[in-house]
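Coordinates in review
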Amino acid sequence: MTVRTGRRIPSAPLHGDKVVVRPATADDAEMLVGWHLDPDVLPFWDDHAFTPEEMAARLERPHVDAYIVEVDGEVVGYLQAWFGKTADVGGLDMFLIPS
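None of these values were measured; they are calculated from a predicted model.

Calculation criteria
Residues numbered from 1 in each chain as written. Predicted model: local features only at pLDDT ≥ 70, side-chain atom pairs only at ≥ 80, totals over all residues. Heavy atoms only, no water. Helix = DSSP H or I, 4+ residues; strand = E, 2+ residues; numbered from the N terminus. Buried < 20%, exposed > 50% of the residue type's maximum accessible area, 1.4 Å probe, protein only. Pairing = 2+ DSSP bridges. Contact = heavy atoms within 4.5 Å. Axes fitted to C-alpha atoms, helices over the stretch in contact; angles between N-to-C directions. Phe/Tyr/Trp six-rings, centres within 6.5 Å; stacked < 30°, edge-to-face > 60°. Arc of directions from axis to C-beta.

Topic: unusual backbone geometry
Of note, D72 is a non-glycine position whose phi angle comes to about 50 degrees, a positive value. Assignment of secondary structure puts D72 in the loop between strand 5 (64–71) and strand 6 (74–83). D72 gets classed as exposed once you look at its relative accessible area, which sits at 58%.

Brief notes about the sheet that holds strand 5
Spatially, 5 strands are ordered 3-4-5-6-7 in an open sheet, and the strand pairing comes out antiparallel. Unpaired on one side and paired on the other, strand 3 (14–15) and strand 7 (90–96) mark the two borders of the sheet. The sheet contacts of helix 1 (residues 29–36) involve strand 5, strand 6 and strand 7, and relative to strand 6 the element is tilted by about 90 degrees.

Regarding the packing of aromatic side chains
Per the counting criterion, the structure on display carries 2 aromatic pairs. Geometrically, the ring pair formed by W35 and F95 is edge-to-face, given 6.0 Å between the ring centres and 80 degrees between the ring planes. Separated by 60 residues along the polypeptide, W35 in helix 1 and F95 in strand 7 bring together distant segments of the chain. Judged by centre distance (5.9 Å) and plane angle (40 degrees), the ring pair of Y78 and F95 falls under tilted. Linking Y78 in strand 6 with F95 in strand 7, this pair joins segments that are 17 residues apart in sequence. On the basis of relative accessible area, F95 is assigned to the buried category, the value being 8%.

Comments concerning helix 1
Buried residues of helix 1: A29, L32, V33, W35 and H36, and no others. Along the axis of helix 1, the buried positions cluster into a sector of 165 degrees, meaning they face one direction only. Buried residues belonging to helix 1 abut helix 2 (52–58), strand 5, strand 6 and strand 7.

As structure tokens, then:
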């Protein structure tokens, strides 16, 4: 695992038989903006419509590690691990893309 700017980023994407979990990058920001605008997603993610620039900045937060989930090469979801100020505070949030 590589630590970059306070984030815990795997040195390579995590591969399963069909699933790949890779770090989200600024190149994913526009796609994530669209996903977050879905009415089934929006209320659970700060109920805020982000710009691509805001989303790119959110992907660089030091206390959040953001990932894209792919199945058979197709993007299907978003995953983030977040960390609090103490070791006993944190969580994992995710969604699959709206259909």
